Structure formats: C-alpha cells, structure tokens
Amino acid sequence: MSIVGDRGAQSFNPNPVGPGAALTVAWQNADGVAHRIVANDNSFDTGNIAANGTSPVVTVPAAGLNYHCSIHPGMVGAINGSSGTPPPCSGMYCAD
Ligand SMILES: [Cu+2]
C-alpha cells in the first residue's frame, strides 16, 4: 500500500482494503517525511518508514484490523473490513 501524505484516512491508498483472506502487506512511503504504521491492537509496528522507503512485510488476519501512523495519529486505515475506533488525534496534522 502507498502512503500518500498526512491526510487522515486519505493518507493511504488503497484504503480501506478488503474484506478478504489473510494478507501480507507492506507500505511504500511516497511522502516526503517518515511515517510509522502501528496496528490499533498493537499486533505489528513497522518502525519508522523513511521518505521513499518501504516497510517490513506484516501479516494481517482475515478478521481484519485498523491501523494508524504513530507519528501522525490522524492518519488512519482499515484492512479487511475491520471496524474500530482510531486513536485520538494529537499533533500538528489533526486539522488535515
Ligand atoms: Cu505519519
């Protein structure tokens, strides 16, 4: 999946993904600043993804999950039809 910027749920493309089977996913950072993708249930943490970098591959269960950027909590996404509450937004990007 691509990271396209600090634009809430529009930060990620495609978003949402699924529903479907279990997936392996990596994020390619097409933005100019670092991002760090963390599952809302903390089942994975990609570590910082530098500008133009690619995350490690993570496995997403068929039941799905939600995720966010731990650097910019307003950046939220969903995979495989999971529903849930994103973490509260804090920091300079919340107005986006
Ligand atoms: Cu970010």
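This structure is a prediction, so every number in the text was calculated from the model and none was measured. (Residues numbered from 1 in each chain as written. Predicted model: local features only at pLDDT ≥ 70, side-chain atom pairs only at ≥ 80, totals over all residues. Heavy atoms only, no water.)

**Digging into the nonpolar core**
So, point 1. Core analysis: the biggest nonpolar cluster contains 16 residues, and Trp-27, Ile-37, Phe-44, Tyr-67 and Ile-79 have the highest contact counts within it.
So, point 2. Of the residues forming this core, the biggest block, 3 residues, is contributed by strand S8 (residues 65–69). (Core = buried A, V, L, I, M, F, W, Y, C linked by side-chain atoms within 4.5 Å. Buried < 20%, exposed > 50% of the residue type's maximum accessible area, 1.4 Å probe, protein only. Helix = DSSP H or I, 4+ residues; strand = E, 2+ residues; numbered from the N terminus.)

**Considerations on the coordination of the copper ion**
So, point 1. Within the protein, the copper ion binds to His-35 (ND1), Cys-69 (SG) and His-72 (ND1); these donor distances fall in the range 1.9 to 2.1 Å.
So, point 2. The sequence motif formed by the donor residues of the copper ion is H-x33-C-x2-H. Taken as a pair, His-35 in strand S5 (residues 35–39) and Cys-69 in strand S8 lie far apart in primary sequence, 34 residues in all.
So, point 3. What makes His-35 buried here is its relative accessible area of 0%.
So, point 4. Taking relative accessible area as the criterion, Cys-69 reaches 0% and is therefore assigned buried. (Donors = N, O, S within 2.8 Å, 3.2 Å for Na, K, Ca; no water.)

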